[in-house]
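# Architecture and fold: a report
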Amino acid sequence: MGSTVNSPSTPIIIPSSPLQTSFIPKTSQLSIFKKKKPFNFASKKLVSCKASDRNQNNADSSSINRLDRRDILLGLGGLYGATNLVSDPFASAAPIAAPDLSLCENSTVTSSSSGTSISVPCCPPKTTNIIDFKPPRFSNIRLRPAAHLVDANYLEKFTKAMELMKALPDDDPRSFKQQANVHCAYCNGAYDHVGFPDQPLQIHFSWLFFPFHRFYLYFYERILGKLIGDPNFVMPFWNWDSPPGMVIPDIYVDPTSPLYDEKRNVDHQPPKMLDLDYAGTEELLSKRDQIKSNLSVMYRQMVTYKTPSLFHGAAYRAGDNPSPGMGSVENNPHTAVHRWVGDKREPFSEDMGNFYSAGRDPLFYAHHCNVDRLWNIWKSLPGKKRTDFTDTDWLDSSFLFYDENANLVRVKVRDCLNSRTLGYDYQKVNIPWLKNKPTPRRPGRGSGSGSAMAAEANTETVIRNAFPIVLDKLVRIEVPRTKKSRTKVEKENEEEVLVLQNIRVDRDVAVKFDVYINDEDDETPTEPEDSEFAGSFTNIPHNHHNPGVKLDTNLTLPLSDLLEDLDIERDDNIVVTLVPKEGKGLVSIGNIKIDFVGD
C-alpha cells in the first residue's frame, strides 16, 4: 500500500465550447412545420421555455414566450438521440444530456433571511476527452458494510484512503475538494441543460435523484480504492433506518480523523438519536418514542409508495423547468438527515444543511449509501409496480464523472439500475420498519366521516376552491374524490394520490409542512405513527443562477392504504390539514386535487 500519490498523468485541457454555435434545423425538418416561424436559437426568450406538453407536473403554470420543446429538439437534430424526428414530427424524446463542462458557472449561495450572498467556484477541471461508461469486470460482489459495525482493520483502510484523497492537489479531479464540488455543480446551479442556456440543471426534486447519486458514490468509491491500491474497497453506509444506527456513527466523530467535519450540529452528536421527521426544532421524545417515530417514517416512505413515479419522483426531461417533484425517500428521510446534521451556526447551514456544501462532509457519502441501499430494498418489496421506469427519457439521461484514473466518463441511467452490475451490494442487516405500520388515532369512524368532518370543522380554517393559499397557519381543505370503493385489482393497477400543485417557496430557505387526512384534533399533534399522517414537504436550501425565481414544485402523496386504514374509502370527500412546521408563511400552494397514478 503506497503512502504517496502522484497527480494524474491525463492532461487537463481547456477547450473551446462545442456548443457555443447555434443549432440550425435541417431543411427536411423545417419543411414538416412550414407554418411555423423560423427558429432563433440565439434568443434566450425562446430557449427558456416551459415544455408543458411533456411535464404534467407543471401543466397548471403559464409561461410567456413559450416554445414547444419539440421545436428546439428539431433544431438540435440528433443531439438527444431523437433520430426519428423527421419520420415522426411529434416524437419528442428528450433525455437530460450530460452537461457541457466548458459552460459551467460559479454557484451562487444566498440567504433570503440574512440578505447575504456568495459566489462559489465548484466547476470541475475541463477536458475534451470523454469516454463512455462500460460496466466493470469483477469476480466477487463487494458488500458495503454498516458504518456502526466496521472493525479496526476496515477503519484503518478507510481513513488512509480519505487521507490520501484529501492530500491530492485541489485541481486534481479526484481530490476531496473536487469530489465535493460535484454535488455543488449539479445541485446548486452551475450547469444548464444542453441546448437550453437559461434552464438550470437540478438533479434533485425529480426522477434523476437516485441514479445520479448512485453513480456519484460509485466513482467516489473507485477513487478511494485506487488511492490505497485496493480495487475491492467499499464505503460504509449509515444505517439510520434501524435503531442501532440512529446516531452518527462513531467513526465520524473523532476530531483527529479525516472522516470528521467540524460543521455539524453540536447538539446532535452521539448519543443524540436522529429524528427522521426533523423540522428544525428539537422534539422532546423519549428514546423509545423517537425510534417508533423513525420506524413509522420509514414504513410510510418505503411501503406505501408503490409506483416508480411515487418512489423516484416526477419525470424531468431536456428543457423542462427544474424540480417537478420529489420521490418518497428524497423528500423524507433524506432531507431530514441533511438538515439534522447541518450546523445552524453557519451562515448557510453548512455543511450537510445546504446543497452547495453537503459533499464537504465525509458523512454525506455514508448517508447517501444508505439512500442508495433503500433503492435496492424498495424493488425487493411485494407489489408488481415496484419497478424502475422503462421510459427511455429516463434511461438515456446522462451525467459526467471523473473516474479513478482522472478520465472523464459519460454515464447513462440505464447503466446503474442494478447495483450488482456495478460490482457491489450491501451488508444484510435487520429491517425493523417493515413491522411498524402506522395505526389510526381514532379507528372505526367509518364511511361518511370525511363529509361529516368537513361540516363540523371550524369554518374559518376550511378552504373550498380558494387557491392559492399561503401556509401562515394551520389550514383545512375539503377535497372531493372522483372514485370510491375501488376493488383490490383497481388499487393494484392505480394508486389514489393527493397532489399538491405549484408549491412555491424561496429556494434558499429551509421549509417543512405536514399533511394530514381527516385529522380533527387540534390539541394533540398528529405523529408519523398515526395513519392520519399522510406525509410532509421539505426543502434543503439551495439556489440556481437566476436569483429571485422561486422553487415551483409539486408533492404527490399516496392515499390508497391510508383511506383503507381509516375506513373512509366510500367517502365523497376528504379533509386535508396542512400544518407549517418550519418556514411559516413562506410557502404558497396553487391547488390540491386527487388523482390516480399507474406508471
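Fair warning: this is a prediction, and the values are worked out from it, not measured in the lab.

Criteria and thresholds
- Residues numbered from 1 in each chain as written.
- Predicted model: local features only at pLDDT ≥ 70, side-chain atom pairs only at ≥ 80, totals over all residues.
- Heavy atoms only, no water.
- Helix = DSSP H or I, 4+ residues; strand = E, 2+ residues; numbered from the N terminus.
- Buried < 20%, exposed > 50% of the residue type's maximum accessible area, 1.4 Å probe, protein only.
- Contact = heavy atoms within 4.5 Å.
- Phe/Tyr/Trp six-rings, centres within 6.5 Å; stacked < 30°, edge-to-face > 60°.
- Lys NZ or Arg CZ within 6 Å of the ring centre and 35° of its normal.
- UniProt positions renumbered as here; feature names shortened; annotations may be inferred.
- Expected span 1.5 Å × (residues − 1).
- Bend = angle between axes of the 7 residues up to and from the residue.
- Pairing = 2+ DSSP bridges.
- Axes fitted to C-alpha atoms, helices over the stretch in contact; angles between N-to-C directions.
- Disulfide = S-S within 2.5 Å.
- Parallel < 35°, antiparallel > 145°, perpendicular 65-115°, else oblique.

A few words now on the overall build of the chain. Broken down by element type, the chain carries 14 helices and 18 strands. Scored against the burial criterion, the 599 residues of the chain give a buried share of 58%. Sequence separation of 24 or more characterises 78% of the internal contacts of the chain that already satisfy a separation of 6 or more.

Bringing the packing of aromatic side chains into the picture now. Overall, the coordinates contain 34 aromatic pairs when judged by the stated rule. Ring geometry for phenylalanine 133 against tyrosine 218: centres 5.9 Å apart, planes inclined by 85 degrees, an arrangement best described as edge-to-face. Taken as a pair, phenylalanine 133 in the loop between strand S3 (130-132) and strand S4 (142-144) and tyrosine 218 in helix H6 (residues 209-227) lie far apart in primary sequence, 85 residues in all. Per residue, the accessibility class of phenylalanine 133 equals that of tyrosine 218, and both read buried. On the numbers, 5.4 Å between centres and 65 degrees between planes, the contact of phenylalanine 389 with tryptophan 394 is edge-to-face. Using a relative accessible area of 0% as the deciding quantity, one classes tryptophan 394 as buried. Residue placement shows arginine 144 over the ring face of tyrosine 424; its charged tip is 3.7 Å from the ring centre.

Here the focus is the side chain of glutamate 221. Positionally, glutamate 221 belongs in helix H6. The contacts of glutamate 221, once residues within four sequence positions are left out, are Arg142, Arg144, Phe233, Val234 and Met235.

Another point: the environment of proline 468. Within the secondary structure, proline 468 is located in the loop between strand S10 (462-463) and strand S11 (469-470). Note on proline 468: relative accessible area 61%, which makes it exposed. Separated by 35 residues in the primary sequence, proline 468 and isoleucine 503 place their C-alpha atoms 9.3 Å from one another. When neighbours within four sequence positions are excluded, proline 468 is seen to be in contact with Ile589 and Gly590.

Here the UniProt feature "domain: Tyrosinase copper-binding" (unreviewed entry) sits at residues 204-221 and 361-372. In this annotation, residues 204-221 is assigned 72% helix and 0% strand; the end-to-end C-alpha distance for the span is 21 Å. For residues 361-372, the end-to-end C-alpha separation is 18 Å, with 83% helix and 0% strand making up the annotated structure.

Turn by turn, an α-helix covers 3.6 residues, leaving residues three or four places apart pointing in a common direction. Given a rise of 1.5 Å per residue, 14 residues ought to cover 20 Å, and the 20 Å separating the end C-alpha atoms of helix H9 (residues 328-341) matches this to within 8%. Approximately 35 degrees is the largest bend angle found in H9, and it occurs at histidine 334.

Time to look at the sheet that holds strand S13 (residues 495-505). Within the open sheet, the 4 strands sit side by side as S11-S18-S13-S16. Their pairing is antiparallel. Every other strand in the sheet has two partners, leaving S11 and strand S16 (551-558) as the edge strands with one partner each. With 2 bridges connecting them, S11 and strand S18 (residues 588-597) associate as antiparallel partners. Directly across from valine 470, in S18, lies its bridge partner serine 588.

Our next topic: the environment of valine 515. Of note, valine 515 is situated in strand S14 (residues 511-517). The exposure class of valine 515 is buried, given its relative accessible area of 0%. Separated by 39 residues in sequence, valine 515 and arginine 476 place their C-alpha atoms 9.8 Å apart. With near-sequence residues (within four places) excluded, valine 515 lies in contact with Leu498, Leu500, Glu532, Phe533, Ala534, Gly535, Leu555, Leu557, Val576, Thr577 and Leu578.

The subject of this paragraph is the UniProt feature "binding site: Cu cation A" (unreviewed entry) in the chain. Feature annotation in UniProt assigns "binding site: Cu cation A" (unreviewed entry) to the following positions: His183, His204 and His213. These annotated residues cover 31 residues of sequence, but their C-alpha atoms sit close together, with the largest distance between any two at 10.5 Å. Summarising the element assignment, histidine 183 is placed in helix H5 (residues 176-187). Residue class for histidine 183 comes out buried when judged on its relative accessible area of 0%.

Moving on, we get to H5. Over its 12 residues, H5 runs 17 Å from end to end, which matches the ideal 16 Å to within 8%, given 1.5 Å per residue. Across the 12 residues of H5, 11 count as buried, placing the element largely inside the fold. Considered for burial, the residues of H5 that qualify are Phe176, Gln178, Gln179, Ala180, Asn181, Val182, His183, Cys184, Ala185, Tyr186 and Cys187. Buried residues belonging to H5 abut strand S1 (107-110), strand S2 (117-120), helix H4 (152-167), H6, helix H10 (363-380) and strand S7 (398-402). Phi for glycine 189, located one or two positions after H5, is positive at around 90 degrees.

Ordered in space as S3-S8-S7, the 3 strands form an open sheet in which the pairing is mixed. What marks the edges here is a single partner per strand, and that holds for S3 and S7. The sheet shows a mean angle of 35 degrees between the axes of neighbouring strands, taken without regard to direction. Here 5 bridges tie S7 to strand S8 (residues 408-412), and the two strands are oriented antiparallel to one another. Within S8, the residue paired with tyrosine 402 across the bridge is leucine 408. Sitting on the sheet, H6 is in contact with S7 and S8, with an inclination near 15 degrees to S7.

A few words on the state of the cysteines. Following the criterion strictly, the structure yields 1 disulfide and no others. Bridging cysteine 104 to cysteine 123, the disulfide has an S-S length of 2.0 Å. On the S-S bond that ties cysteine 104 to cysteine 123, the torsion sits near -90 degrees, and the link is left-handed. One end of the pair, cysteine 104, is in the loop between helix H3 (69-76) and S1; the other, cysteine 123, is in the loop between S2 and S3, with 19 residues separating them in the sequence. Since its relative accessible area comes to 13%, cysteine 104 is described here as buried. We classify cysteine 123 as buried; its relative accessible area is 19%.

Moving on, we come to the packing of H5 against H6. Between two packed helices, the angle of one axis relative to the other and the distance separating the axes together describe the packing. The interhelical angle for the contact between H5 and H6, taken along N-to-C directions, is 175 degrees, at an axis separation of 11 Å. Relative to H6, H5 is oriented roughly antiparallel. Two secondary-structure elements touch here, H5 through Phe176, Gln179, Ala180, Val182, His183 and Tyr186 and H6 through Phe212, His213, Tyr216, Tyr220 and Ile223.

Turning our eyes to something else, we now look at unusual backbone geometry. Residue proline 271 is reached from proline 270 by a cis peptide bond, and omega for that bond is 10 degrees. Here proline 271 is to be found in the loop between H6 and helix H7 (287-303). Here the amide bond leading from glutamate 350 into aspartate 351 is cis, since omega sits at -5 degrees, within 30 degrees of zero. With respect to the secondary-structure elements, aspartate 351 resides in the loop between H9 and H10. A positive phi angle is found at alanine 406, which is not glycine, with a value near 65 degrees. Residue position: alanine 406 is located in the loop between S7 and S8.

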